[in-house]
Every structure is written in C-alpha cells, then in structure tokens.
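Architecture at a glance
Residues per chain are reported as follows:
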6 protein chains.
Amino acid sequence: MLPRLFARTVEVSAHCDLPCGVYDPAQAKIEAESVKAIIGKMKDNSDPEFIARAVLIKEQRSELVKHHLWVLWTDYFKPPHFEKYPQLHTLFNEATKLAGAAGTKGSSDAGKADELLAKIDEIADIFWETKKAA
Amino acid sequence: MLPRLFARTVEVSAHCDLPCGVYDPAQAKIEAESVKAIIGKMKDNSDPEFIARAVLIKEQRSELVKHHLWVLWTDYFKPPHFEKYPQLHTLFNEATKLAGAAGTKGSSDAGKADELLAKIDEIADIFWETKKAA
Amino acid sequence: MLPRLFARTVEVSAHCDLPCGVYDPAQAKIEAESVKAIIGKMKDNSDPEFIARAVLIKEQRSELVKHHLWVLWTDYFKPPHFEKYPQLHTLFNEATKLAGAAGTKGSSDAGKADELLAKIDEIADIFWETKKAA
Amino acid sequence: MLPRLFARTVEVSAHCDLPCGVYDPAQAKIEAESVKAIIGKMKDNSDPEFIARAVLIKEQRSELVKHHLWVLWTDYFKPPHFEKYPQLHTLFNEATKLAGAAGTKGSSDAGKADELLAKIDEIADIFWETKKAA
Amino acid sequence: MLPRLFARTVEVSAHCDLPCGVYDPAQAKIEAESVKAIIGKMKDNSDPEFIARAVLIKEQRSELVKHHLWVLWTDYFKPPHFEKYPQLHTLFNEATKLAGAAGTKGSSDAGKADELLAKIDEIADIFWETKKAA
Amino acid sequence: MLPRLFARTVEVSAHCDLPCGVYDPAQAKIEAESVKAIIGKMKDNSDPEFIARAVLIKEQRSELVKHHLWVLWTDYFKPPHFEKYPQLHTLFNEATKLAGAAGTKGSSDAGKADELLAKIDEIADIFWETKKAA
Ligand code: NI
Ligand code: NI
Ligand code: NI
Ligand code: NI
Ligand code: NI
Ligand code: NI
C-alpha cells in the first residue's frame, strides 16, 4: 500500500483529444478493478434485482475499460511505438476483447477479469517505458 | 517520477454505485490535470477554431472533475467521516465550484486549475487517511 | 390538482453551468416521482425481462435525481446559504445517498422513494425561501 | 411568483419509457427557459471564450428541449389524442424545429426562444387538458 | 429507389443538427436490425445474466432507433413533405412507438421487430423519393 | 462487393456488444460524410457563433467515427482476419487518428476528411470480403 501513498502526491495522467498530452493507463485499470469487484459481489448475492444491476454496471464499467484503452491505442501511441513494440496492436485488441462480449461483459468469471487486468498491466509497462524514453 | 513507476504495480481504486467498493481520487485528479494542460495550450494558440475546441473539451473535463468528486462525497464518505472531518462538506463544495462556472469552466486562468488541484489533493489526503484507518 | 393548472403558466426554473441562473428542484422531484412509480409497477409484475428493464430504468432515473441535486448543491447554493441553513450539506448528502445504492438504486422498497421525496421537498422549501429572499 | 410556491407542494410529473406513467411538459419548458437566459447573457458578453461556452450549452439545452418534446409526442400522446387535437403533430414538429438548427441552436435571437416557449405552452395546455379528461 | 442501389459508392447520408444536410434512414434500420437479432438470441439463451444484458442492450438499441427517427422527422422533413405525404406524421409516431415500451423495448416478440422494420422501410421509401425529387 | 448493392433490401448491419452479430462500416462512413459536409459549410460562414457550433458538432461526429471504427476493430474482426489482412491494425489505427486531433477534430481541412473517407472505404472493402467469405 505504501507506493500508493506516494502516488497521490505525484503527477497523474489523463486523456482527451485536444490533445492535452496527459494520458494514464490507470484510468482503464481503475475500471477493470471495479469490474473484478462487481464479479466478486455477484458470487455472494443471487437476488435477481441485484444481478440485473450488477450486469448493467459491469457492462458500463467494461465499456469504459474499452474506451480508455482505445484512447491510448489511437491517441497516445504513435508509429515509432508500434515499430518498437510490434506486439502492441495485438495486445490492445486482445485487451479490449477481454473487456467485451467474450470477456467481462459477457461473463461473470473472475478469471476473465484477471486476464484483463494482466493485459492492462502489460500495456501500462510499455506505456511507462515510452514515457521514460521520451 | 519514481513513485509513479511503483504506482502502476499496486492496486488502483475506482467508483461505481453498485457499489463495487473501489474508489480513487486519482480519477478527479487526472481530469483536473487535463484541464490545467488545456489551459496551458490555450495560451499558445489563439486560433478561433482551436479556442472553440479547447473551451469545449475544458468544459467536458471540468464536468468530469465535478462528477468524480460528487461520487466520492455521496458514495464513499459516510456520516462518521463527516464527523471526524468537519471541513469535508465545504471542501467538496468549494472543489466542485472550482471546476464549475466560477472556476475552470468559466475561465482559462491557470490559477483556477491550481486551486482546484490543491483542493483535490486535500480531499485525497483525507480519503487515504480514511482508507488506512478502515 | 388546481395549483398545477396555474403552475404551467408561470416561470419554471432550470440549471446549467453557464450559469444561466435558472434552477428548479422540480427537476430532481420529477425523476424521484418516476422512481416511485417504477417501484410501484415492480410490485405488480414479476416477469424477469420486465424486472431487468425496471431495474435499469430505476438506475437511470435515480442517477438523474443525484445529478440534479448535486447541481443545486454546487451551482445554486452559495456560502451565505450554507451559513443560514447549516443543515443543507447533510440534507443534500442524505438525499443523494437515498437515490443511490443504499436507497432507490439498490432497493425496490417504496419507503426509500418516499424518504427521498421528503428530502427533496425539504430542499425545495429552502430553495424557494432563498429565491424569495433574493 | 405565488402560484410557483404552490406548485412545489403538488405532484410533479416525468417521463421514462418503462413507462412509469409520469410525464410533465415542465421538463421541456425548464430547458427552454435556460436557452432564453443563455441568449440574454450572450448579449452582454462578447468574449470569444464565453461565446464558445454559451453556444455549446445552448446547443445542449436545445437538444434537451427536443428530447423532452419527442418523448411527450411518442410516449405520452396516444391515437385518440391525435384525433381530438389534429394540430398536435404539427405543433410538436414546429416546436422541435424551433429548438433546432433553424431555431435556438442555430441562432441567438431571443425571439426564437420566445416562439419556442409559446409552442411549449400550447403543448402544455393540451397536455393538462388530456390529464384532466383522463 | 435506384439511387440507393449505388449508395455504397456514392454519397451516404447522416444526421446532425448543424445541419450538415446528410441524412440516411439506414441509421435507424441498422439499429432495428440489431434489435431483431437480439430478440433472436434471447430465444436461444435463458441464462438470467444473459437475459439482463440482452434487455439492457435491446433498450439502448431501441432508444437509438427512436432517436434516429425523431431526427428525420424534425430535422430532415419540411412542411412541403408533410403536405405531400399526409401519412408521414402518423408513420413516424407509430414507428417510434414500435421501438418503445409497447414495442421492442417492452417485449421480446420478434413480430414487434418486424413491424418496426416494415415502418422504417415505409419511411425510407418516402425519404428516398423526396431526395430524388430535390 | 455485390452483396452490398442489395444491402438496402437485405440485411443491414450494425454493432453492439451483446454481440448481435450485425455490423456495418456504413455507420462510420455516414458520420465521416457528415464531418466532410460540416467542413464544407465552415468555408462559407465565418460567423463566430456558427464556427463554435460547427467545431462542436465536427468534434462529436469525429468521435462517432472513431467509436464506430473501434467497435469494428475490436468486436467484429477476429484473429484469422488479422492474419489474412496484416495491414488491418495499421489501417484502423490510421483511420481513427484521421478522425482525431491530428485529423478532422483538430483541423477543418477538407483533405483530412477525404483521407478519412478513403481509409474507411479500404476498411469496408475488407469487411465485405470477410462477410462474403464467411
Ligand atoms: Ni487529453
Ligand atoms: Ni464502484
Ligand atoms: Ni443553467
Ligand atoms: Ni417514465
Ligand atoms: Ni448533420
Ligand atoms: Ni450488435
């Protein structure tokens, strides 16, 4: 938990398409953590109204994961990055699929959320490498 | 920059109203950083079309700041928190006003963005204190 | 019903963050009445598809209640109001919580909708007092 | 102002497509009042950033007017209403056009906002007549 | 009808309220086809989580149908069209109702989707006739 | 390509993430045509309020182009497609960039809209080839 205590005192990063130049994979990760937590709560509560709400919110949060990832892929990463990291296209395509119908939208399997989080971490590693190199 | 490098390997937090139990003031801060960067770019470019886009995007990002803060105020913080931190209500009210018409929506003064960021940091400090105490 | 017949011929009020200066607690109340009506219909119809739709729409309408209230709290009310009505912060915080996961989003208990409507009425009373005083 | 004081203590009405059965032309009117107020403020402030914001918000509020009217036209009014009030289709079509590109979206002429408000009042009169008759 | 056959290689049409002048009933039809396909999949899968997702997405797609149709009715069609095609108002009102609570939102009856598609085709025929005549 | 010629009378295609299985590049193209038309109108009208509206609407329509393309890239195309068409990733990345800050969002150069339309046509050709092959 310690690093997190530091984290809040340093620069955080964001996206928009001005572009403002501020990006941060944490946006996708935060939503993916939410998806994972929702799936956890679905195991403990089978009330049909709760399930309907959970499915709805899981859908929205998964869509946000996709959106934040698409933004990084299109807006942050440039041709030289794709050249240096030839796996990037596939990584983003797989990650967004993992947040979609075949992943955390269409299932409530915690394993899907874990796979999604792992892909986002892979993307984040590359992201921060390119930031250091810039 | 170092702490940030750690940050991406630890838990991040989010919000939704299931509730998933995941919250993180970083969401508000990321958008506020974006607002600040937009204001910076507005100083360097007086093209009317650029200004119109910047105003539009600054509006959206400021609205997101307000939304993320409102969510923390209503959904994360509970009566015992408001008792322990009697300044919390005013802090949130002032922070959301700073992201509104009298703040980063209605002006392109970098000072407003700095005041907003400072308020978000104050909120984040309290937030992480309550998380540690939990 | 008579007062309503008059109501449609007088000024109504709204919100936006220009600000246009037009606010009206009726916006929150209308959505809360909708929430109450939805809960009423959920009692009479246990079809799973209907329940899923009702939960979805109740979620959206409750979110609108929260949004309209947040706007009043941040954009309409000013420091002198909070000084004159020290209960305002708590009132808004409780009202928005009543429209959230612990209230009309997370339950289909008509009592929650009634509590929410009562809080909105309390807010509306203060709102119109401040308008008369202005 | 007096009738308004009564108005807040009676039933207000809304829309959604469950349907909840709650509708109220006040929703369209509130947004149209906002549009009118925005146009008023545009006369007093020619700062390009203010104009860009005002245009943006006027666009959003006008869109909300259109949306609220469309909902009444499609969801509230039924064939017998259209038979009894043969002018209804044209009234709604003209009102939504008045909130569009040829009306309050595309111009900042206060006269357009007044025409729009007058049409909404005509619709509201019919609406409340049908409610009384129901 | 012929011009539409070349549609893929010629101008396609859209909506927006600048107006850009580009409209195309295909936007409503595409969403209605989606609704029909969703209803088809609901027959083959009774898993409660799947049903909740399907209901949610059917709701969104039906809402998009309504929106695209409302845009054509208000923004594209002009008084001379309504004079030449006196059935247009009723056609649009019935089509948007078929995408609403009494139609593809409130039911998962494939027949409702077929009725909706037929109405959209009727509208499209008139639309392309008016384009040819322009 | 032939099947497309009959598109108006046969199945049209869309997107959603149930998935419904209905996709159509026309959705992206329609929005891109709108962007091009907006740029055309910006040449003929230098009124600041018109420019602000045009910039706003061009932003929204460009965002829709990006969204529709992202959906095709993530939801429709599968690993075997990326194997058969190794240029697909780059094509989508370039197309979405052309709808972004360095393209039709950030400029009002008609050439950018033409480049965007050409990329969408390239994508559409591949899309319809894969549909025929399926
Ligand atoms: Ni940005
Ligand atoms: Ni959450
Ligand atoms: Ni306002
Ligand atoms: Ni309703
Ligand atoms: Ni258009
Ligand atoms: Ni689909």
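The structure we're discussing is the one just above.
Not measured: the values here are computed from a predicted model. The residue numbering used here restarts from 1 in each chain and proceeds along that chain's sequence as written. To label them, take the chains in the order written and letter them from A, then take the ligands in the order written and number them from 1. Only residues with pLDDT of 70 or above have their local features reported here, since the model is predicted, and side-chain atom pairs are shown and tallied only from 80 upward, although totals for entire chains, interfaces and linings are computed over all residues. Heavy atoms throughout the structure, all of them, feed into the side-chain values; hydrogens and water do not.

Re the coordination of the nickel ion (ligand 3)
Looking at the nickel ion (ligand 3), the protein donor atoms are Cys-16 of chain C (N), Cys-16 of chain C (SG) and Cys-20 of chain C (SG), and they sit 2.2 to 2.5 Å from it. Cys-20 of chain C matches Cys-16 of chain C in its accessibility class, with the two residues each being buried. Coordination here is defined by N, O and S atoms within 2.8 Å of the metal (3.2 Å for Na, K and Ca), and since water is not considered, a site can look incomplete. Each residue is placed in one exposure class: buried if its accessible area under a 1.4 Å probe, protein chains only, is under 20% of its type's maximum, exposed if it is over 50%, and partly exposed if it falls in between.

Remarks on the packing of aromatic side chains
Planes of paired rings set the category: under 30 degrees apart is stacked, over 60 is edge-to-face and the rest tilted, where pairs are Phe, Tyr or Trp rings (Trp by its six-membered ring) whose centres lie within 6.5 Å. Applying the stated criterion to the full structure yields 42 aromatic pairs over all chains. Each ring, one from Phe-77 of chain F and one from Phe-82 of chain F, has its centre 6.3 Å from the other, and the planes form 50°; the classification is tilted. Judged by relative accessible area, which is 11%, Phe-82 of chain F ranks as buried. Among the aromatic side chains, those forming a connected cluster through ring pairs are Tyr-23, Tyr-76, Phe-77, Phe-82, Phe-92, Phe-127 and Trp-128 of chain A.

Points about the pattern of salt bridges
Pairing is possible between side chains that carry opposite charge, provided their charged atoms lie close to one another. Basic side-chain nitrogens of Lys or Arg form a salt bridge, by our definition, when they fall within 4 Å of a carboxyl oxygen of Asp or Glu. All chains considered together, the criterion is met by 54 salt bridges over all chains. Between Lys-66 of chain B and Asp-17 of chain C there is a salt bridge whose closest N-O contact spans 2.7 Å. Here Lys-66 of chain B, found in helix α3 (residues 48-76), pairs with Asp-17 of chain C, found in the loop between α1 (2-7) and α2 (26-43), and the two come from separate chains. Relative accessible area serves as the criterion here: at 8%, Asp-17 of chain C is assigned to the buried category. Among the salt bridges present, the one from Asp-121 of chain C reaches Lys-29 of chain C, with a minimum N-O distance of 2.9 Å. With Asp-121 of chain C in helix α6 (residues 110-133) and Lys-29 of chain C in helix α2, this residue pair connects regions lying 92 residues apart in the sequence. Helical segments are the DSSP runs of H or I of at least four residues, strand segments are the runs of E of at least two, and each set is numbered from the N terminus.

A short note on the packing of helix α3 (residues 48-76) of chain C against helix α3 (residues 48-76) of chain E
Working convention: axes come from line fits to C-alpha atoms, limited for helices to the stretch in contact. Angles between N-to-C directions cover 0 to 180 degrees. Running from N to C, α3 of chain C and α3 of chain E cross one another at 60°; their axes reach a closest spacing of 9 Å. Overall, the two elements α3 of chain C and α3 of chain E adopt an arrangement that is oblique. For the element pair α3 of chain C and α3 of chain E, the recorded crossing hand is right-handed. Touching Glu-49, Ala-52, Arg-53, Leu-56 and Ile-57 of chain C of α3 of chain C are Ile-51, Ala-52, Val-55, Leu-56 and Glu-59 of chain E, all from α3 of chain E. Lys, Arg, Asp and Glu make up the charged group, whereas Ala, Val, Leu, Ile, Met, Phe, Trp, Tyr, Cys and Pro make up the nonpolar group; the residues left over, Gly among them, are polar. For the contact of α3 of chain C with α3 of chain E, the class distribution of residues is seven nonpolar, no polar and three charged. Oblique is the label for any angle not covered by the other classes, which are roughly parallel (under 35 degrees), roughly antiparallel (over 145) and roughly perpendicular (65 to 115). The handedness criterion is simple: a crossing whose near helix is rotated anticlockwise from the far helix by less than a right angle is left-handed, and one whose near helix is rotated clockwise is right-handed. Should any heavy atoms of two residues lie within 4.5 Å, those residues are counted as being in contact.

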